[in-house]
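Chain by chain, the residues run as shown.
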Amino acid sequence: MKNTILEIGKTIPRADAYAKVTGKERYAADFHCPGMLWAGVKRAGVAHARIKAVHAEAAGRVPGVLSVLTSKDVKGTNRQGVVRKDQPVLADDRIRFPGDPVALVIADDRDSLAAALERIEMDLEPLPPVFDPEEAMERETVLIHEDHPGGNVLLKGAIEKGEGEAGLKECDYVVEAEFRLPYQEHAYLETEGGWAVFKEGSLEITVSTQTPFRDRAEVAEALGLGLDKVRIIAPFCGGAFGGKDGITVQSLLGLAALHHPDRAVKIVWHREESFLASAKRHPARLHYTLGAGKDGCFHALRAKILYDTGPYDHLGGVVMALGLEHAAGPYRIPHCSLKAWAVYTNNPLSGAFRGFGVPQVNAAMEQIVDMMAEKIGISPLEIRLRNALKRGDKNGVGATLTTSTGITACLETLRDHPMWKNRQEWKEAAGAFRTRGVGIACVMQGMGYGPVVPDTANAKIEITEEGKFRVYCGVVDMGQGNDATCLQIAGDILGQDSLHMELVLPDTSETLPSGSASASRTTYTFGNALIVAAGSMKRRVLEKAADLLMAAGHEEMALVPGLIRHLPSGKEIPLGMLARLLGTAERVVTSRFRAPVSRESVTSDPDLRLHGIPHLIFSYGVHMACVEVDRLTGAVEVKRYLAVTDSGRVINPQILEQQIQGGIAQGLGYALMEEFRADKGRCETPDFSTYIVPTSLDLPDMETIAVELYEQSGPFGLKGAGEIGIDGPVPAVANAVANGCGVRITNLPLKAERVYDLIRKRKMQQPATKTQRHKDG
Amino acid sequence: MKIRFTLNGKETETDAPPDRRVIDLLREDLGLTGAKEGCGSGECGACTILVDGETRLSCLMLSVQLEGRSIQTVEGIAQGDELHPVQQSFVEHGAVQCGYCTSGMVLTSLDLLKRTPCPSRDEIRRAISGNLCRCTGYQKIVDAVERVSRNSGEREES
């Protein structure tokens, strides 16, 4: 491993890359030991039914099977969920979607496990299912959760700003459209999995998760254990993107281990099981009406947004609220009427996924903005520049922007970029039977949990006898590189290089509670805690060293890699020696940070505040997609892509690029090909041959530019960047296709057949000789 | 049955049922967990290994097929503590995020560079198109492979 001085703002190879590139890093599924048991679940396979009986006898007789457990074996509440605890560990009375787990089998090996799972039979009384979210909401003859006061509406929210939709009457121009977005599957390469052991009354679970501390509480409650009896260890995830925000295998592992004390037991979902059982991005139906004046200024917006949350809450209410808050985009609109619903159905489970409700609303808003620009006859860039939010403005939900607001700076950067300036030339260079188009879309993404739920992190640093500073990271690194960033932050403050910094991964027994790896908060919140801890550590070791060397004060001392130097005399103390001279308690510093929140009352609905409205800090950006459409097939190819992002100051430019490029890649999959389908609740895209994610041949090289505004409250001026990249591709590509071909696809994704169909219809409506020229952006 | 093969340069003999999947043999019996199982059906490339220098999917191979072959896994690429130039390039150019596709990507790149020492970006994209990555968008992986070939070219010239 190459040694590097750790400094803020510098591209430093990620510390975690060394163990990953040599295959040494141990993920949750990589632990094996002799005698390890395998566990797995029988899933319902039907969308809606009452369970009359589960027959486990035949399965129990399979050689190698140790036990078959059902909901009767769960000693706790048997319920999981972050907000509404409505999802059983093992289904007890009801089946609500085909992925519901009904029985847990523990066996000596995988073959016995598979054989036993096939022999479990269920007596089920079919219940009428509901698959259409509008029907579920309007005609509540079928109730998914009979105990829910809101019926099938998990949560609804409404925000009225100014005159609300009455403002539309005062507009010179009004455009209206409906949009539909499909389920999107996270498709992390590492499926859900881990292992557990119950020893001396304590349960230890090693699992691929974004939320170890919350998992501990959930497992303890669901299984009836004391909080202090559960330990969650969270290695690096092999991808998560929101899909491991909450319980996957944790309680099942715990239940299996409780029944077989002192035996390690392992669960790894296979790909089909992961696709069937895991949460996905909410499908959404959106009805948008935007009004503007002759001057191109937006005046009023009405948006109705319906999210299909599937059978369980699984953060669906919070997703809905974040979508509602972002529904009006980064624009100044005096009158808004925004309404959103998250509705229970018997469809696949929806939940957290990078962007968290925002990619759906942004797909609608950014397309309707382009439709308005076309109607008024101004360019898509000009209409955005005229309406972009500035600091001090009120955003769509009426919250005053008091923090860094870089949307205009991003738009101006795009305006001056060659990709934008030379777009006409590029479009005209299209080959035979091909049409080129360019499209832009603004993006914004709120950071953190919102005004009520404490967004807190606790950092801990230790100086070790080996002469290193050890950072105890309380937030999971699911691949986004926050662990390396933590070392860079602490290393910069403590004057160290990479050889003298080390990391402890999240573990509820070793590291301190620091919330979830989610909500674009990880580096912002934990980084702020870490800055204070590193500062305290620096002061402490310098003071101790000054005393030891009888220096006049700590101001005479400097931290350099591996040691502390007395500047006037040049005397040095190695860090390891200093650590040995300190008491064990003195070697550790901790620090807590709670993120600031908006104090503004934009809604009187306490539920909406609890679910996160309003946010205080947003990242912003603008994306540009240059597409080429094959007129003979309708296939859309993205040839060039530009993302300009204001996520504050950058600590490590390479890691920012990774986040933005990765977000764009997933967003382009969502725009062009990813469509998780279910028919009557049953998964029709069960694997990678039916659910298509982008390969290296499907994506262009992307250019990413950071507009580094300084966010005062951020660690070294940083804001979150984990999610925002995924908000742009769908509308940018849709706008590009509309720009090139004159057809607007409102039913995503933009698969070739949909594009071809619209191009053909459009051609039939027009005289064959007339060449359609479009007003360029 | 007894199966003899060369594993990362070492003669290896192991006792395994002939129909045991190679990925299970490597990960569970031999403790080499660098190869990952992303799908178990040959669609994602995370379990890629080199068999006689060529990429193979270890989730689709049975142990008996290893008899007499030379196998390389990601664990056998570095020389002690010194990374292979492909690995070093992946680290330096930010080609590693969650890391789950990384071992497959590294081995596929090795295979490519052996056949095509200075591939174009398109050739690199084609070569790694059987390896899914959900984090990077592939760009930095292509950068890393392109740079390692360019660097080795420079070394040969000098």
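Residues numbered from 1 in each chain as written. Chains lettered and ligands numbered in written order. Predicted model: local features only at pLDDT ≥ 70, side-chain atom pairs only at ≥ 80, totals over all residues. Heavy atoms only, no water.

Topic: the nonpolar core
Now for step 1: Tyr288, Leu290, Val733 and Val737 of chain A together with Phe90 of chain B are the most contacted members of the largest nonpolar core, which totals 164 residues.
Now for step 2: Element by element, the count of residues in this core is highest for helix H9 (residues 358–376) of chain A, at 10 residues.
Now for step 3: Two domains share this core, each providing at least three of its residues, namely domain 1 (2–76) and domain 2 (85–157) of chain B.
Now for step 4: Aside from chain neighbours lying at most four places away, what touches Phe90 of chain B is Val21 of chain A together with Ala95, Val96, Thr102, Met105, Val106, Ser109, Ile141, Ala144 and Val145 of chain B.
Now for step 5: Counting 51 residues, the second-largest nonpolar core is a separate cluster that includes Ile12, Ile463, Val541 and Ala546 of chain A. (Core = buried A, V, L, I, M, F, W, Y, C linked by side-chain atoms within 4.5 Å. Buried < 20%, exposed > 50% of the residue type's maximum accessible area, 1.4 Å probe, protein only. Helix = DSSP H or I, 4+ residues; strand = E, 2+ residues; numbered from the N terminus. Domains from an automatic or database assignment. Contact = heavy atoms within 4.5 Å.)

Looking at the sheet that holds strand E13 (residues 230–233) of chain A
All names here are of chain A.
Now for step 1: Read across the sheet, seven strands follow the order E3-E7-E1-E14-E11-E12-E13 without closing on themselves; strand pairing throughout is mixed. Strands with a single pairing partner mark the edges of an open sheet, and in this sheet they are strand E3 (65–69) and E13. Looking at each pair of strands side by side, their axes are set apart by 20° on average, direction ignored.
Now for step 2: When strand E1 (residues 37–43) meets strand E7 (residues 101–107), the two strands line up antiparallel, connected through six bridges. Following the sheet pairing, Val41 is matched in E7 by Leu104.
Now for step 3: Docked against the sheet, helix H3 (residues 110–118) engages E1, E3 and E7, running at close to 20° with respect to E1. (Pairing = 2+ DSSP bridges. Axes fitted to C-alpha atoms, helices over the stretch in contact; angles between N-to-C directions.)

Some points on the packing of aromatic side chains
Residue and element names in this part refer to chain A.
Now for step 1: Applying the stated criterion across every chain, the model contains 11 aromatic pairs over all chains.
Now for step 2: Plain terms: the ring middles of Tyr524 and Phe593 are 6.1 Å apart, the flat faces sit at 70° to each other, and that makes the pair edge-to-face. Taken together, the positions of Tyr524 in helix H15 (residues 522–548) and Phe593 in strand E25 (residues 588–594) put the pair 69 residues apart, joining distant regions of the chain. Take Tyr524 and Phe593: they sit in the same class, and that class is buried.
Now for step 3: Pairwise contacts between aromatic rings join Tyr183, Phe275, Phe676, Phe688 and Tyr691 into one cluster. (Phe/Tyr/Trp six-rings, centres within 6.5 Å; stacked < 30°, edge-to-face > 60°.)

Focus on the confidence of the model for chain A
Now for step 1: Chain-level statistics for chain A give a pLDDT mean of 97 and a share of 98% at 70 or above.
Now for step 2: Note on residues 770–777 of chain A: pLDDT under 50 across the span, and 19 contacts to partners over four residues away in sequence or across chains. (pLDDT = per-residue confidence, 0-100.)

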